[in-house]
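Structural overview
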Amino acid sequence: MNPGKALLRQDMMPHILCPGCGHGIVMSALVRVLAKRYASLDQVALVAGIGCSSRVVGYIDANTLHTTHGRALSFATGLKLARPELTVIVVTGDGDGLGIGGNHLIHAARRNVDLTCILFNNETYGMTGGQLAPTTVTQAFTTTTPYGNHESAFDATALVTAAGATFVARAQAYRPDLLEGLIEQALDHRGFSFLDVLTDCTEYFSRKNQLGAGSDLLFSQTRSDTEISLDLTEWPRLQEPDGFPVRNLMPMGVLHESNRPTLEEVMELPGYRPKEG
Amino acid sequence: MNDPTQIHANVVVAGVGGQGVVLAGNIIADVCMYYGLDVKKAEVHGMSQRGGAVSSQVRFGVEVHGGLIEKGQLNWIVGFEWAEALRWMPLLSPEGSVFVSTEEIIPPSALKDRVSGMVRYPLELLDHPRVRAFDAPALAKQAGNVKAAGVVLLGALSIDLPFSLDVWNQALTRWVPTKALEINLRAFELGRRWEEKAPVTKPQPVPKPITRQVWLNLEESWCKGCGICVNVCPERIWTLNQKNVVEALSPERCTGCGLCEKLCPDFAIDVLTESTIRVNEEGGSVLWQPN
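Residues numbered from 1 in each chain as written. Chains lettered and ligands numbered in written order. Predicted model: local features only at pLDDT ≥ 70, side-chain atom pairs only at ≥ 80, totals over all residues.

Quick look at the nonpolar core
Note the threshold: Here, a nonpolar core means buried Ala, Val, Leu, Ile, Met, Phe, Trp, Tyr and Cys residues linked by C-beta atoms lying within 7 Å of one another. Partly exposed residues are those whose C-beta has more than 12 but fewer than 20 other C-beta atoms within 10 Å; 20 or more makes a residue buried and 12 or fewer makes it exposed, with C-beta atoms placed from the backbone. Secondary structure counts use DSSP, requiring at least four H or I residues in a row for a helix and at least two E residues in a row for a strand, with both numbered from the N terminus. Two residues qualify as being in contact provided that their C-beta atoms, derived from the backbone, are within 7 Å of each other.
Counting 78 residues, the largest nonpolar core has Val47(A), Val90(A), Ile118(A), Phe194(A), Leu195(A) and Val197(A) as the members making the most contacts within it. In terms of residue count, the dominant contributor to this core is helix α1 (residues 22-37) of chain A (8 residues). Contact partners of Leu195(A), with chain neighbours within four places excluded, come to Cys117(A), Ile118(A), Leu119(A), Ala169(A), Ala171(A), Leu182(A), Ile183(A) and Ala186(A). Grouped together as the second largest cluster of nonpolar side chains are 56 residues, Trp76(B), Ala83(B), Val100(B) and Leu139(B) included.

So, the confidence of the model for chain A
All names here are of chain A. Formally: Think of pLDDT as the predictor's per-residue confidence, scored from 0 to 100.
On average, chain A scores 83 in pLDDT, and the residues at 70 or more come to 88%. The spread of mean pLDDT over the elements of chain A runs between strand β9 (residues 227-228), the lowest at 44, and strand β1 (residues 44-48), the highest at 94. In this model, residues 223-246 is a region of pLDDT below 50 whose contacts with residues beyond four sequence positions or in other chains number 44 contacts.

What to know about the packing of helix α5 (residues 102-111) of chain A against helix α6 (residues 156-163) of chain A
Residues and elements named next belong to chain A. To be explicit about the condition: Lines fitted to C-alpha atoms define the axes here, with helix axes fitted over just the stretch in contact, and angles between the N-to-C directions of these axes take values from 0 to 180 degrees. Geometric relationships in this document are graded by angle, where less than 35 degrees denotes roughly parallel, more than 145 denotes roughly antiparallel, 65 to 115 denotes roughly perpendicular, and other angles denote oblique. Put simply, a crossing is left-handed when the front helix is turned counterclockwise from the back one by less than a right angle, and right-handed when it is turned clockwise. Any residue that is not Ala, Val, Leu, Ile, Met, Phe, Trp, Tyr, Cys, Pro, Asp, Glu, Lys or Arg is counted as polar, Gly included; the first ten are nonpolar and the last four charged.
Across the interface, α5 lies against α6 with an axial gap of 8 Å and an inter-helix angle of 45°. Compared by their axis directions, α5 and α6 come out oblique. The two elements α5 and α6 cross, and the hand of that crossing is right-handed. Every residue of α6 that contacts α5 at Leu105, Ile106, Ala109 and Arg110 is listed here: Leu159, Val160 and Ala163. Residues of the contact of α5 with α6, tallied by class, amount to 6 nonpolar, no polar and 1 charged.

Some thoughts on the pairing of strand β7 (residues 167-172) of chain A
Residues and elements named next belong to chain A. Quick reminder of the rule: Paired strands, as defined in this entry, are two strands with at least two bridges between them according to DSSP.
Here β7 lies mainly inside the structure; 6 of its 6 residues are buried. Residues Phe167, Ala169 and Ala171 line one face of β7 and the alternating positions Val168, Arg170 and Gln172 line the opposite face, and both faces are buried. Here β7 runs beside strand β8 (residues 193-198); their pairing, made up of 6 bridges, is parallel. In the strand pairing of β8, Arg170 is matched with Asp196.

Remarks on the interface of chain B and chain A
Each partner contributes to the interface: chain B provides 23 residues, whereas chain A provides 22 residues. Where the side of chain B that touches chain A is concerned, the elements lending two or more residues are α8 (228-232), α9 (259-263) and β10 (269-273) of chain B. Residues belonging to the side of chain B that touches chain A are distributed by class as follows: 13 nonpolar, 5 polar and 5 charged.

So, the sheet that holds strand β1 (residues 9-16) of chain B
All names here are of chain B. Spatially, the 6 strands line up as an open sheet ordered β2-β3-β1-β4-β5-β6, and their pairing is mixed. In the strand order of this sheet, the two ends are held by β2 (38-44) and β6 (131-134), each with one partner. Across the sheet, the mean angle separating the axes of adjacent strands is 10° when strand polarity is ignored. Here strand β5 (residues 92-101) pairs with β6 via 4 bridges, running parallel. Bridge pairing in β6 links Val98 to Val131.

Description of the packing of α1(A) against helix α7 (residues 176-188) of chain A
Residue and element names in this part refer to chain A. Put simply, α1 and α7 touch, their axes get as near as 9 Å, and they point 50° apart. With respect to their mutual orientation, α1 and α7 come out oblique. Regarding α1 and α7, the two cross each other, and that crossing is right-handed. Where α1 abuts α7, its residues Ile25, Val26, Ala29, Leu30, Arg32, Val33 and Arg37 lie against Pro176, Leu179, Glu180, Ile183, Glu184 and Leu187. When its residues are assigned to classes, the contact of α1 with α7 shows 9 nonpolar, no polar and 4 charged.

Here we look at the pairing of β1(B)
All names here are of chain B. Within β1, 8 of the 8 residues are buried, which leaves the element mostly enclosed by the surrounding structure. By the alternation rule, side chains of β1 split into Ala9, Val11, Val13 and Gly15 and Asn10, Val12, Ala14 and Val16, which are all buried. Looking at chain direction, β1 and strand β3 (residues 53-61) are connected through 8 bridges and run antiparallel. Within the sheet, the bridge partner assigned to Val11 lies in β3 and is Val58. Pairing analysis gives 4 bridges linking β1 to strand β4 (residues 74-79), with the strands arranged parallel. Of the residues in β4, the one forming a bridge with Val13 is Val78.

Here it is as structure tokens:
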């Protein structure tokens, strides 16, 4: 049994996510980790913006904050500085965190606030109707790119690494154990930890690109033949089997880990005295 | 039989892929060749990938004509694994003896009934007077590496054979990787003294049935019929019914792997195993217990 099930707001369930949506799997892993680590969620705050991914926090019975589009990290930074004793987890999507909120993302990483940011990357804007997102791969079809996407996709992990995040990892809905382990590591890390989780949009992205539904779509993540690697030079290597670009050979696992003073430590907030020596 | 240059005998080394059966056969053959004996070796290998049986027949003497051992002509069985050694018992000569490790490696084919975990492991001949069984991996661990268990058994065999310890050690030096040599020489020495060092630890005469109980709980109203569980289940126990809601076809086949639960986006499936549930003493209701 998923021990995290006891942490859900039972009256809100079942959630609104579409049948087979990968977000549900990531949410399941998240609450499993939360239940394992915290006896009570009183000291845990979940902050989300707008989008399918951000709906997830509404179902978890912690301190939850549903904020404006793209600004989840800004709200979370304020919350963390005001209440440094809280564990703040930001749940955001690729449109929310990288599109409209891209600026907030890089600055949260630059400040190295002690937050955990989980980015649900489904390559599209699911809630508003499947429009092109900054993470949509080249040639992919969306409602706004009926002739295929001409743009290149963002690599969120490379972006936040460059911006100064101190823990950067990538996981997949298809591998719940890896995902759980990385969420735990991200929560353990002191500083800005960023987790890019590949999920799937079954209604829009999958339908437009004929990736199938349910288990077929989930299994299509294995097609990407992802490697668990620490070598950043491996990325990006998008390939085009069957004429369709997939998220090929994206390295999984911890991609970057470093240590520098967090914003709380520099500001000498309670519980964040700078380490000696 | 005490003149090492006039001995005529047959040895079988039996075990499971990966245990070093072929290497052990080579070492025995090497020792025999030192004394100028004619050695013939026949092996069955290549099944190592899936925990399959590997055996090495070593025949040595002044003149050996064929590689295969006839029924009743087998002098020593060196069993790296108990059940594999048992396979050779019909060939054992009346004076022959068996050195066997009590280690059990259960072959995948014996695990068909994965739900109950019941395994019929043959222990009938463990009390056979010619069988000398001891916990070789434990001695190997004592020597420094559990992988040296095979050499422990060779050490035990070397007491019965008239070859000198120096020759055995030379053969080991030639065949064992240099970095593991010291451990192996130590393991060989422990094997020679197995009787004093290792009390015979016999496995339980009756294998304990593992009763693994798995409860499946389905929140039908939460299921959206995506079908992920139907296709990820290794035992194919789920199906979608006419209402497009998942249904357990054969819950008794569930092994409790929990894949469906972890990959269900809708929290509809609970796989409850003994480690995750606690039965309430009064009511007998199923409660969740953290860790």
